[in-house]
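Fold and contact review
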Amino acid sequence: MGFLSEKEDISLVLCGEAGQGIQTVEAILAQAIKQSGYHIFSTKEYMSRVRGGQNSTEIRVSSHRVASYVNRIDILLALSSGAIKHLKDRISDDTLIIGDPEHLKTVKEEGLLGKITQNTDNFIEIPLMETAQDIGGLIFTNVIAAGFISRILNIPKEIFDGLISDMFTRKGSQILENDLKAGEAGYRIGHELMESKSELIQISLSGQSKVRDELLINGTDAIGFGCLAGNCKFMSSYPMTPSTPLQRFLAGNAHEFELVYEQAEDEIAAINIALGASYAGARSIVATSGSGFALMEEAVGLAGMIETPLVIYIAQRPGPAVGLPTRTSQEDLNLALYSGPGEFPRIIFAPGKLEDAFILTQKAFNLAEKYQIPVFVLSDQYFVDCYYNLPSLPLEDVKNEDYLVKTTPEYQRYLITHDGITPRGIPGYGDGLVVVDSDEHDEEGHITENLNIRTKMVDKRLKKIKQIKKDAISPELVGPEDYQELVVGWGSTYWPIREALENILESDKEKKISFLHMKQVYPFHKSVVEYLERAEDVIIFENNAQGQLANLIKLETGLEIQEKVLKYNGMPFSVEEVEENLKKFMGLENDDTLSVREVSS
């Protein structure tokens with residue numbers, strides 16, 4: 001019996017050059033796996049180039065729910081000569097390495113095989129390129145690979161053929177026929193391999209029929225659905241990885257949901273156009289990444305001064321400047337927090353689950369309207385590219401609130417009120433004049449340099465903070481209430497931390513450790529201080545070099561988190577990395593490292 005047959009969770013990695021169709025294989029397999037009743041998680045890492053380099057996709061196929069990245073590779077399908085070298089640090093003696101003889105030749109010629117893995121029996125050649133040429137060209141290699149993987153995962157052929165037909169019918173009957181042949185060839189190669197290598201390849205995962213009807217979406221989809229649920233009516237943006245997928249999502253759904261999408265000439269224009277649409281009454285969003293948002297900062301101050309609601313979506317990637325355009329990070333918390341000149345309130349969300357991404361984005365539109373402020377949704381490359389199945393989105397929690405008022409002739413746009421919130425009118429709705437000015441202004445909205453009025457207007461805007469804090473979203477506590485040790489994370493670190501903690505507690509149920517996930521990172525919910533003070537020891541995981549959330553916690557609460565695990569090489573935390581660091585933190589392993597651990601691998 002093969003070692004794979006004993007696993008309830010298999011990590012499959014596909015690796016090849018940009019342009020080889022790795023994403024096509026991922027798309028086919030993701031749907032095929034779910035339709036076969038298996039739980040699935042997938043994520044990708046890719047270089048910033050159109051051709052060449054090495055890109056990889058990890059697909060976890062499991063009998064139970066999975067939603068996080070693991071370092072472990074059970075099966076590696078190498079689709080390029082550089083694939084094995086690219087992933088050598090993740091390959092173990094238990095990794096089954098499969099590839100075309102041409103792609104595996106380099107490893108043998110350079111004498112790397114014994115250095116990468118001691119188990120050469122797990123090194124298997126299959127004729128991907130030769131088979132593709134027989135069908136009509138190397139372009140069919142990706143479909144052959146998808147068919148091959150589907151066979152060894154025991155995915156029914158009819159499911160695979162149905163997906164191929166759905167994907168390629170629009171390209172014409174001849175192309176569809178050849179793709180079906182390619183899939184058939186992949187199944188045949190997989191079957192022959194399973195016959196000849198039965199001692200290695202026996203996968204006996206248990207599927208569940210209910211999984212077939214579940215959603216399979218990624219972070220971009222969840223945020224996009226949240227925009228639609230929040231009654232978003234306008235988006236203007238300039239394309240920038242990794243925010244572009246959200247732009248495509250909303251543009252693609254614009255007609256059906258009566259939403260206007262405008263691709264601006266640059267980021268400065270994009271945010272100002274969005275503010276103009278919001279001034280006119282449309283719930284508006286602008287999407288970008290860190291270096292694009294840097295150009296928008298002046299207009300964030302404009303939103304603060306004219307008290308005009310706006311949702312700002314930042315899909316984080318490593319900086320400074322262009323940094324690593326296709327990698328992941330949590331480096332823009334400070335950028336969002338301190339953006340824009342002057343002092344005015346804002347809210348910052350950082351979802352870690354797909355359900356949270358949906359509901360927090362929907363809430364962002366309500367809160368932006370209620371308080372007439374910018375509301376940020378911080379995501380990152382890892383989160384937007386993660387797919388996994390889930391039963392449904394929390395539609396029952398969706399409630400849109402209307403804060404617009406019909407103006408009277410006496411209407412004053414910046415009337416000073418007890419809580420700082422002026423009833424908001426828009427042009428053309430009522431008889432009043434809605435005046436806004438980017439300079440300091442009086443209650444009617446006209447420019448002023450009266451110093452007393454200036455003080456009152458600053459106080460008016462800052463008064464909102466007290467009520468905003470009352471509406472803050474509480475963090476999620478995973479684990480026992482009577483914990484002694486507390487793990488803190490925010491944004492996309494949610495699932496790697498949670499899975500690592502569950503692995504530890506499964507082997508030692510007596511441990512008193514819990515996980516606090518901060519889904520709103522500014523301003524904090526009042527319970528944050530209580531959670532932190534209750535713990536004897538606290539450790540935080542962040543994908544940045546300075547511990548931006550830890551520093552903000554100290555600034556806002558006076559509580560300092562001594563133990564920080566910081567990773568900033570452009571890759572997300574793996575479950576194994578988190579688990580290893582937690583064991584050291586809990587004294588389960590010897591630890592000679594510093595209190596700030598810089599994770600570089």
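Shown above is the structure to which this text applies.
From a predicted model like this one, the values you see are computed outputs, not experimental measurements. (Residues numbered from 1 in each chain as written. Predicted model: local features only at pLDDT ≥ 70, side-chain atom pairs only at ≥ 80, totals over all residues. Heavy atoms only, no water.)

Re the overall build of the protein
To keep things clear, this is the line we draw: We count a stretch as a helix when DSSP gives it H or I for four or more residues in a row; a strand needs E for two or more, and each element gets its number in order from the N terminus. Based on C-alpha atoms, the radius of gyration is set beside the globule rule, defined as 2.2 Å times the residue count to the power 0.38. Accessible area is worked out with a 1.4 Å probe on protein chains only. A residue is then buried under 20% of its type maximum, exposed over 50%, and partly exposed in between. The contact criterion used throughout is that any non-hydrogen atoms of two residues lie within 4.5 Å. Calculation of accessible area relied on Shrake-Rupley with a 1.4 Å probe; when residues are assessed, cover is drawn exclusively from the protein chains displayed. By the counting scheme adopted, Arg and Lys are positive, Glu and Asp are negative, and His together with the chain ends is not counted. Charged groups are reduced to one reference atom each: NZ for lysine, CZ for arginine, CG for aspartic acid, CD for glutamic acid.
A count of helices and strands for the protein gives 21 helices and 21 strands. Radius of gyration (C-alpha) of the protein: 26 Å, near the 25 Å computed for a compact globule of 601 residues. Principal axes of the C-alpha set define a box for the protein whose edges measure 85 × 60 × 45 Å. Put simply, the protein has 601 residues, and 58% of those count as buried. In the protein, the share of contacts with a sequence separation of at least 24, taken over all contacts with a separation of at least 6, comes to 76%. On the protein, roughly 24,500 Å² of surface is accessible, and the fraction owed to carbon and sulfur atoms is 48%. Put simply, the protein has 58 plus and 89 minus side-chain charges, and the middle of one group is 2 Å from the middle of the other.

Focus on the layout of surface pockets
The line we're drawing: Using only the protein atoms, space was sampled on a 1 Å grid; points where a 1.4 Å probe fits but cannot get out form cavities, open sets with protein on both sides within 12 Å along at least five of seven lines form pockets, and lining residues are those with an atom within 4 Å of a point. Grid points are joined across faces, edges and corners, and a volume is the space filled by probe spheres set on the points. Gly is put with the polar residues, along with every residue not named as nonpolar or charged; the nonpolar set is Ala, Val, Leu, Ile, Met, Phe, Trp, Tyr, Cys and Pro, and the charged set is Asp, Glu, Lys and Arg.
Taken as a whole, the largest pocket spans an internal volume of roughly 810 Å³. Taken together, 33 residues line the largest pocket, and the ones lying closest to its centre are Q23, E26, K44, R248 and D385. Ranked by residue count, the leading element in the lining of the largest pocket is helix α1 (residues 22–35), at seven residues. The class makeup of the residues in the lining of the largest pocket is 12 nonpolar, 13 polar and eight charged.

A look at the nonpolar core
Heads up, the condition is: Residues belong to a common nonpolar core when they are buried Ala, Val, Leu, Ile, Met, Phe, Trp, Tyr or Cys residues joined through side-chain atoms within 4.5 Å.
Counting residues in hydrophobic clusters, the biggest one holds 50 residues, and the most contacted among them are L14, I33, L77, I98, I126, F148 and I149. Residues contacting L77, with those up to four places away along its chain left out, are V13, L14, C15, I98, I126, L128, A145, F148 and I149. Counting 47 residues, the second largest nonpolar core, distinct from the first, contains V66, L228, A254 and L393.

Looking at the sheet that holds strand β2 (residues 39–45)
What counts, and what does not: Strands are labelled as partners when DSSP assigns at least two bridges between them. As a rule, the C-alpha atoms of each element are fitted with a line to give its axis, helices using only the stretch in contact, and angles between N-to-C directions run from 0 to 180 degrees.
Within the open sheet, the eight strands sit side by side as β6-β5-β4-β1-β3-β2-β14-β7. Their pairing is mixed. The sheet terminates laterally at β6 (123–125) and β7 (215–218), the two strands that pair on one side only. The mean inter-strand angle of the sheet, taken between neighbouring strand axes irrespective of direction, is 20 degrees. Both β7 and strand β14 (residues 387–390) contribute to a ladder of four bridges, which runs antiparallel. Paired with L215 across the bridge in β14 is L390.

Topic: the packing of aromatic side chains
The description of two aromatic rings rests on the distance between their centres and on the angle between their planes. Filter applied, for reference: Two rings from Phe, Tyr or Trp (for Trp, the six-membered ring) form a pair when their centres sit within 6.5 Å of each other. Planes less than 30 degrees apart are called stacked, planes more than 60 degrees apart edge-to-face, and all others tilted.
Enumeration over the complete set of coordinates arrives at seven aromatic pairs. Between Y388 and W495, the ring centres sit 6.2 Å apart and the planes meet at 80 degrees, which makes this aromatic pair edge-to-face. Taken as a pair, Y388 in strand β14 and W495 in helix α18 (residues 494–507) lie far apart in primary sequence, 107 residues in all. Members of the aromatic cluster, joined through ring pairs, are Y388, Y494, W495 and F515.

Side note on the sheet that holds strand β8 (residues 234–237)
Spatially, seven strands are ordered β9-β8-β10-β11-β13-β12-β18 in an open sheet, and the strand pairing comes out mixed. Here the strands that pair on one side only, and so sit at the sheet edges, are β9 (260–263) and β18 (520–522). Direction aside, neighbouring strands of the sheet carry axes that sit 20 degrees apart on average. Taken together, the four bridges between β8 and β9 define a ladder with parallel strand orientation. The residue bridging M235 from the neighbouring strand is Y261, located in β9. Running at roughly 160 degrees to strand β13 (residues 374–380), helix α15 (residues 354–371) makes contact with β10 (284–288), β11 (310–316), β12 (347–349) and β13 of the sheet.

A short note on the pattern of salt bridges
Rules: The rule for a salt bridge is simple: a side-chain nitrogen of Lys or Arg has to be within 4 Å of a carboxyl oxygen of Asp or Glu.
This structure, assessed with the given rule, holds 30 salt bridges. For K181, the salt bridge is made with E177, and the minimal N-O distance between the two is 3.7 Å. In this pair, K181 and E177 both sit in helix α8 (residues 173–196), four residues apart, roughly one turn of the helix. In this structure, the salt-bridge partner of R534 is E530, at a minimum N-O distance of 3.1 Å. Residue R534 and its partner E530 are located together in helix α19 (residues 527–534), separated by four residues, close to a single helical turn.

As for the pairing of strand β19 (residues 537–542)
Under the convention used in this document: For crossovers, right-handed means that the path from the first strand over the helix to the second runs clockwise, given strands pointing away from the viewer.
With five of its six residues buried, β19 lies for the most part within the structure. Pairing of strand β16 (residues 485–490) with β19, which is carried by four bridges, proceeds in the parallel orientation. Among the inter-strand pairings, V488 is bridged to a residue of β19, identified as I540. Of the strand pairs in this sheet, β19 and strand β20 (residues 563–567) are connected by four bridges, and their pairing is parallel. Looking across to β20, one finds that F541 is bridged to V565. Between β19 and its parallel partner β20, the chain crosses via helix α20 (residues 548–557), and the hand of that crossover is right-handed.

As for the state of the cysteines
Filter applied, for reference: When the sulfur atoms of two cysteines come within 2.5 Å, that pair is taken as a disulfide.
The full count for this structure, using the stated rule, is zero disulfides. Distance from the sulfur of C232, which forms no disulfide, to the nearest cysteine sulfur (C227) is 5.2 Å. Overall, C232 belongs to the buried group, its relative accessible area being 2%.

Let's talk about the side chain of S492
The criterion, for reference: Polar contacts, as used here, are pairs of N or O atoms within 3.5 Å; protein pairs need one atom able to donate a hydrogen and one able to accept it. Residues neighboring in sequence count only if both atoms are side-chain atoms.
With respect to the helices, strands and loops of the structure, S492 is situated in the loop between β16 and α18. Polar contacts involving the side chain of S492 include one to the side chain of D380, which spans 2.7 Å. Leave out the neighbours within four places in its chain, and S492 touches Q330, P351, G352, D380, Y382 and F383.

Some points on the side chain of Q316
Tracing the backbone shows Q316 in strand β11. Owing to a relative accessible area of 1%, Q316 belongs among the buried residues under this scheme. There is a polar contact of 2.9 Å between the side chain of Q316 and the backbone oxygen of S379.

Observations regarding the environment of S474
By the secondary structure assignment, S474 is in the loop between α17 (451–470) and β15 (476–478). S474 sits 47 residues away from V521 along the chain, and the two C-alpha atoms are 10.0 Å apart. If we ignore the near neighbours within four places in the chain, the residues touching S474 are K519, H525 and S527.

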